[in-house]
Amino acid sequence: MEAVTILLADDEAILLLDFKSVLTAAGFLVAAVSSGAKAIEKLKSGDEIVDGVVTDIRFCQPPDGWQVARVAREIDPNMPIVYISGHAALEWASNGVPDSIILEKPFTSAQLITAVSQLLNARPPRAPPSDA
């Protein structure tokens, strides 16, 4: 089975480490970044395949998590997106991408793993890379 890489974006260092630890313990590879700008840069770089995104919504500086998710979906229309936020859940219906999940802080490790797994399992299979 191929490793699954999750892009994790949160500007609170302790939470970033906690969430990374939870996802890693569940068997995911985690690319952790501390801002929306770094998340978008990582997505656009194409250096590694990102299989799913877990992003905070409000960062100290723009872009926000809503924009991170939109960029991820421009790159891959089926990209699983899990939003995590302490105070933006009410905006999810109007700003969130379709077929995403929002978790309100605080949440349990099991809730994070379940949300990521649920979206990854619902994702259509990727086409195999073409031999150019």
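A quick note: this is a predicted structure, and the numbers were derived from the prediction, not measured. (Residues numbered from 1 in each chain as written. Predicted model: local features only at pLDDT ≥ 70, side-chain atom pairs only at ≥ 80, totals over all residues. Heavy atoms only, no water.)

A. Looking closely at the packing of helix H2 (residues 36–45) against helix H3 (residues 65–75). It is at 9 Å that the axes of H2 and H3 come closest, and there the two elements cross at 5 degrees. Classified by the interaxial angle, the pair formed by H2 and H3 is roughly parallel. Each of Gly 36, Ala 39, Ile 40, Leu 43 and Lys 44 in H2 lies in contact with H3, whose residues at this interface are Gln 67, Val 68, Val 71, Ala 72 and Ile 75. (Axes fitted to C-alpha atoms, helices over the stretch in contact; angles between N-to-C directions. Helix = DSSP H or I, 4+ residues; strand = E, 2+ residues; numbered from the N terminus. Parallel < 35°, antiparallel > 145°, perpendicular 65-115°, else oblique. Contact = heavy atoms within 4.5 Å.)

B. Quick peek at the sheet that holds strand E5 (residues 101–104). Strand order in this open sheet of five strands is E2-E1-E3-E4-E5, and the pairing throughout is parallel. Sheet topology places strand E2 (29–33) and E5 at the edges, where each strand pairs with a single neighbour. Between one strand and the next, the sheet's axes are offset by a mean angle of 20 degrees, whatever the strand orientation. Judged from the five bridges that link them, strand E1 (residues 5–9) and E2 form a sheet pairing that is parallel. Across the sheet, the residue bridging to Leu 8 is Ala 32, located in E2. The strands touched by H3 are strand E3 (52–56) and strand E4 (81–85); relative to E4, the strand with the most contacts, the crossing angle is about 175 degrees. (Pairing = 2+ DSSP bridges.)

C. A look at unusual backbone geometry. For the bond running from Pro 62 to Pro 63, omega is 5 degrees, close enough to zero to count as cis. Of note, Pro 63 is situated in the loop between E3 and H3. The residue after Lys 105, namely Pro 106, is reached through a cis peptide bond having omega -5 degrees. Looking at the element boundaries, Pro 106 is found in the loop between E5 and helix H5 (109–122).

D. Structural detail: the pattern of salt bridges. Per the counting criterion, the structure on display carries six salt bridges. As a salt-bridge pair, Lys 105 and Glu 12 come within 3.6 Å of each other at their nearest N and O atoms. On the criterion of sequence distance, the pair formed by Lys 105 in the loop between E5 and H5 and Glu 12 in the loop between E1 and helix H1 (13–25) is long-range, its members being 93 residues apart. Its relative accessible area of 41% is what places Glu 12 among the partly exposed residues. The closest approach of N and O atoms between Arg 123 and Asp 76, which form a salt bridge, is 2.2 Å. Of this pair, Arg 123 sits in the segment after H5 while Asp 76 sits in the loop between H3 and E4; the two residues are 47 residues apart in sequence, bridging distant segments of the chain. Judged by relative accessible area, which is 12%, Asp 76 ranks as buried. One continuous salt-bridge network, built from bridges that share partners, spans Asp 10, Glu 12, Asp 56 and Lys 105. (Salt bridge = Lys/Arg side-chain N within 4 Å of Asp/Glu carboxyl O. Buried < 20%, exposed > 50% of the residue type's maximum accessible area, 1.4 Å probe, protein only.)

E. The arrangement of the nonpolar core in detail. Within the largest apolar cluster, 23 residues are counted, with the highest numbers of intra-cluster contacts made by Leu 7, Leu 43, Val 53, Ile 81 and Tyr 83. For this core, the secondary-structure elements that each account for two or more residues are E1, E2, H2, H3 and E4. Broken down by element, the residue count for this core peaks at five residues, all from H3. Val 22, Leu 103, Leu 112 and Val 116 belong to the second largest nonpolar core, which has 20 residues in total. (Core = buried A, V, L, I, M, F, W, Y, C linked by side-chain atoms within 4.5 Å.)

Geometric values such as these leave the question of function open.
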